[in-house]
Every structure is written in structure tokens, then in C-alpha cells.
Amino acid sequence: MRTFEPLLTVENLSMRFGGLVAVRDLSFAVGCGQITALIGPNGAGKTTVFNCITGFYKPTSGRIALIKRADDVAAALAEATDRPRRYLRKGGQEVYLLERMGDSEITRRAKVARTFQNIRLFQGMTVLENLIVAQHNALNLASGYSLLGLIGAKSFRAAEKRAVDLASYWLDKIGLIHRADDPAGALPYGDQRRLEIVRAMCTEPVLLCLDEPAAGLNPRESAELKALIRSIREETGTSVLLIEHDMSVVMEVSDHVIVLDHGVKISDGTPAQVRDCPKVIAAYLGVEDEEVVEAEAELGQ
């Protein structure tokens, strides 16, 4: 597997809901510029992990750190963890302890964006407006939280132009610039899926989390999605973490695959390594543990 500098490190993550353990002692890393897939049968805990990373849930235990430009990752993590802070910026290094941050702060400061299993566009807004509203943090700052916007200050007009230019770039990228003034709800399903992804990209994230982006897509739409995910990584350097049940998407776009089963990691490696892992095959087929042992013995593992 190609080596990547770590961007996101998840260490000993656990999430309990009363007596139910949804995720147990999970550790993995997402590299800079890497496409990582988190897969597993229904109920494996994948969306729970996403919700912990993006601040919708506060994990029961564990550390979730996003590290930017750290010369010594271990030292930077240790210093950030030892302080009662949510993030550390020092000497060009940035460490964000996501388990200590709320969802809006994770988006704004750590630059983590996500999409959801169910499309969450603003259906009544135009296609262009959906991408501009995603840039509200930058526009609010440029407007002085309303005053500079009200008087039409030069700095705010420049920020508005940049927001429109960025939105237009992504609409052109997905072939929807001609639909910019149409309601988002009038787009075909596959176009809405891709629009939601580029709306997330308008926040200029360092980590893009995609929750089942291929759900409900036909083969042509799935091919367009795969091309978009690859181009996001190649052209912007954004790291991608995705949950996906469509194995053709996972195997064709991912550099790294993590497999969960009942909240526990059972495999971690390249797509080829994971595809041939007996534990993964058993989890998807629903066979008993004894059969996994027998299969591993036959394969010499």
C-alpha cells in the first residue's frame, strides 16, 4: 500500500449507547491525499464513526485528531492532548482534537466537510445558491457580520465575487453550470448527489467525508461519481473518507479500506488485501466464527 503522511488519526475510539456498544476500541488513520473507504455489513458502526469524526456524537472514549503540517506527528499529538484545549496551533503546525469539538467548529476550524446518506440540499434554492450558502462562514467574516455587507464594502464585494467564482468552478466541473438558476430540487437524483458533494467542497475542506455517495445511482451515475471523487483528490489534494456499500466504487477509487463488523475492525489494508480476507468474506456472508478459522487454515493464514 502506498505510504501517506497521516492527516486523521483515530485511536481507541469507542461509542456506547446505554448498554449497546456501537464502536469498540477502533484505531485507523487517513493519509494526506488518500481515499479511504470504511465498509462493513449493515449495523457495523460505520455511520457512528462518521458522526464521531464530524462532531454529531461525542465519543465515549478515544482520540480523533486531525493534523496539518506537523513535523513530528507524535510530539504534536502529545502536546495537544496534554493541554485542556480543543486545538493547537504552533510554529505552522495545527492539531485539532475533534472529540473535543462541536460539529460547526469542526467544519469551520478543522475544515472537515461531510455529506449524508439522504440528500440534504436546499431544494427550493437554486443550484448556485446551494453552493454559495455553503460559504457562509467566509461571507459572514467578510461582511463584519452584516455591517460591511450592508454598506457594500469593497472587501465584502470581493468575497462575494470569490464565492460566486468558486461555486461556478464546481458547477462547471460537474457539468451543471447551465442549471445554475434552476431549483436544486428539479435536478435528477444523480445530479443532486454530485451537487451535494461539490457543495461540501465549497467549504474548501482538507477532509471530505462521504456517507454512501453511490446509494441509488445507476451505472452511468456511479461512473460519474467515481470520476468526481478521483478528480477531487487529484486536483485539490483533499483527503476523502467514504462509507460505501457499492463495492465497485470502493475497489476502484480507494487507496485504503477499513472493514468493520459489529463495531470492531476486522481488516485494514489495500482493496485487494481486504477483498481476499476470510474474515471480511465471512462477515458479509454471515457465517460463524468457526468457519472463518477453517477458511484461514485452508488459506494458510
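Being a predicted model, the structure only gives us computed values, none of them experimental.

**Q** Explanation requested: the overall build of the chain in the structure shown.
**A** Tallying secondary structure elements over the chain gives 13 helices and 11 strands in all. Going through the 301 residues of the chain one by one, you find that 50% of them count as buried. With the model as given, the accessible surface of the chain reaches about 14200 Å², and the carbon-plus-sulfur share is 52%.

**Q** What am I meant to see in the sheet that holds strand 2 (residues 20-31) here?
**A** In a beta sheet, neighbouring strands pair by backbone hydrogen bonds and run either parallel or antiparallel. Read across the sheet, five strands follow the order 2-1-4-6-5 without closing on themselves; strand pairing throughout is antiparallel. Looking at the sheet topology across the chains shown, the edges are occupied by strand 2 and strand 5 (87-90). Neighbour-to-neighbour, the strand axes of this sheet turn through a mean angle of 15°, independent of strand direction. Strands strand 1 (6-17), strand 4 (61-68), strand 5 and strand 6 (93-97) of the sheet are contacted by helix 2 (residues 73-82), whose axis makes an angle of about 55° with strand 6.

**Q** How do you make sense of unusual backbone geometry when you look at a structure like this?
**A** Backbone phi values are negative for most residues with the exception of glycine, while trans is the configuration of most peptide bonds. Positive phi outside glycine occurs at Glu 204, with the angle close to 55°. Along the chain, the position of Glu 204 falls in the loop between helix 8 (189-201) and strand 8 (207-211). Glu 204 sits in the partly exposed class, given a relative accessible area of 39%.

**Q** Explain the packing of helix 8 against helix 9 (residues 219-236) to me, please; I cannot follow it from the model alone.
**A** Geometrically, a packed helix pair is captured by the angle between its two axes and the distance between the axes. In contact at an axis separation of 10 Å, helix 8 and helix 9 are set at 15° when each is read in the N-to-C sense. When the axes of helix 8 and helix 9 are compared, the pair comes out roughly parallel. Here helix 8 runs over helix 9; the crossing is right-handed. In this structure, helix 8 uses Gly 190, Arg 194, Ile 197, Val 198 and Met 201 to contact helix 9, whose residues at the interface are Glu 221, Glu 224, Leu 225, Leu 228, Ile 232 and Thr 236.

**Q** Teacher, can you tell me more about the packing of helix 7 (residues 154-173) against helix 9 here?
**A** Relative orientation of the contacting elements helix 7 and helix 9 amounts to 135°, with a least axis distance of 12 Å. In terms of orientation, helix 7 lies oblique with respect to helix 9. The handedness of the crossing between helix 7 and helix 9 comes out as right-handed. Together, Tyr 169, Trp 170 and Lys 173 of helix 7 and Ser 231, Ile 232, Glu 235 and Thr 236 of helix 9 make up the contact between the two elements. Residues that form the contact of helix 7 with helix 9 fall into these classes: three nonpolar, two polar and two charged.

**Q** In this structure, what is going on with the packing of aromatic side chains? I would like to understand it.
**A** What describes a pair of aromatic rings is the distance from one ring centre to the other and the angle between the planes of the rings. A full pass over the atoms with the stated rule returns four aromatic pairs. Both rings, one in Tyr 169 and one in Trp 170, keep their centres 5.1 Å apart while their planes meet at 80°; by these two values the pair is edge-to-face.

**Q** Quick question: what am I supposed to make of a nonpolar patch on the surface here?
**A** Residues Phe 17, Leu 20, Phe 56 and Tyr 57 make up a contiguous nonpolar surface patch of roughly 370 Å² in combined accessible area. Assignment of secondary structure puts Phe 17 in strand 1. Residue class for Phe 17 comes out partly exposed when judged on its relative accessible area of 35%.

**Q** Explain the sheet that holds strand 11 (residues 264-269) here, please?
**A** With mixed pairing, six strands are arranged side by side in an open sheet as 7-8-9-3-10-11. One side of each edge strand has no neighbouring strand; the edge strands of this open sheet are strand 7 (112-114) and strand 11. Neighbour-to-neighbour, the strand axes of this sheet turn through a mean angle of 15°, independent of strand direction. With five bridges joining them, strand 10 (residues 256-261) and strand 11 adopt antiparallel strand pairing. Looking at the pairing, Val 257 lines up with Gly 269 of strand 11. Lying over the sheet, helix 1 (residues 46-53) contacts strand 3 (35-39), strand 7, strand 8, strand 9 (239-243) and strand 10, oriented at roughly 145° with respect to strand 9.

**Q** Help me understand the side chain of Ser 267 in this model?
**A** Note on placement: Ser 267 falls in strand 11. Here Ser 267 falls in the buried class, since its relative accessible area comes to 11%. Sequence-distant contacts of Ser 267, that is, excluding residues within four places in its chain, are made with Val 257, Ile 258, Val 259, Val 274, Cys 277 and Val 280.

**Q** Explanation requested: the environment of Ala 113 in the structure shown.
**A** Among the structural elements, Ala 113 can be located in strand 7. Each C-alpha atom, one on Ala 113 and one on Val 240, is 9.8 Å from the other, the two residues being 127 residues apart in sequence. Look past the residues within four positions of Ala 113 in its chain and what remains in contact with it is Ala 200, Thr 203, Pro 205, Leu 207, Leu 208 and Cys 209.

Reading guide: rules and limits
Residues numbered from 1 in each chain as written. Predicted model: local features only at pLDDT ≥ 70, side-chain atom pairs only at ≥ 80, totals over all residues. Heavy atoms only, no water. Helix = DSSP H or I, 4+ residues; strand = E, 2+ residues; numbered from the N terminus. Buried < 20%, exposed > 50% of the residue type's maximum accessible area, 1.4 Å probe, protein only. Areas by Shrake-Rupley, 256 points an atom, 1.4 Å probe, with all protein chains shown as cover. Pairing = 2+ DSSP bridges. Axes fitted to C-alpha atoms, helices over the stretch in contact; angles between N-to-C directions. Contact = heavy atoms within 4.5 Å. Parallel < 35°, antiparallel > 145°, perpendicular 65-115°, else oblique. Left-handed = near helix turned anticlockwise from the far one by under 90°. Nonpolar A, V, L, I, M, F, W, Y, C, P; charged D, E, K, R; others polar. Phe/Tyr/Trp six-rings, centres within 6.5 Å; stacked < 30°, edge-to-face > 60°. Patch = residues over 30% accessible without salt bridge, like charges linked within 9 Å, V, L, I, M, F, W, Y side chains within 5 Å. Salt bridge = Lys/Arg side-chain N within 4 Å of Asp/Glu carboxyl O.

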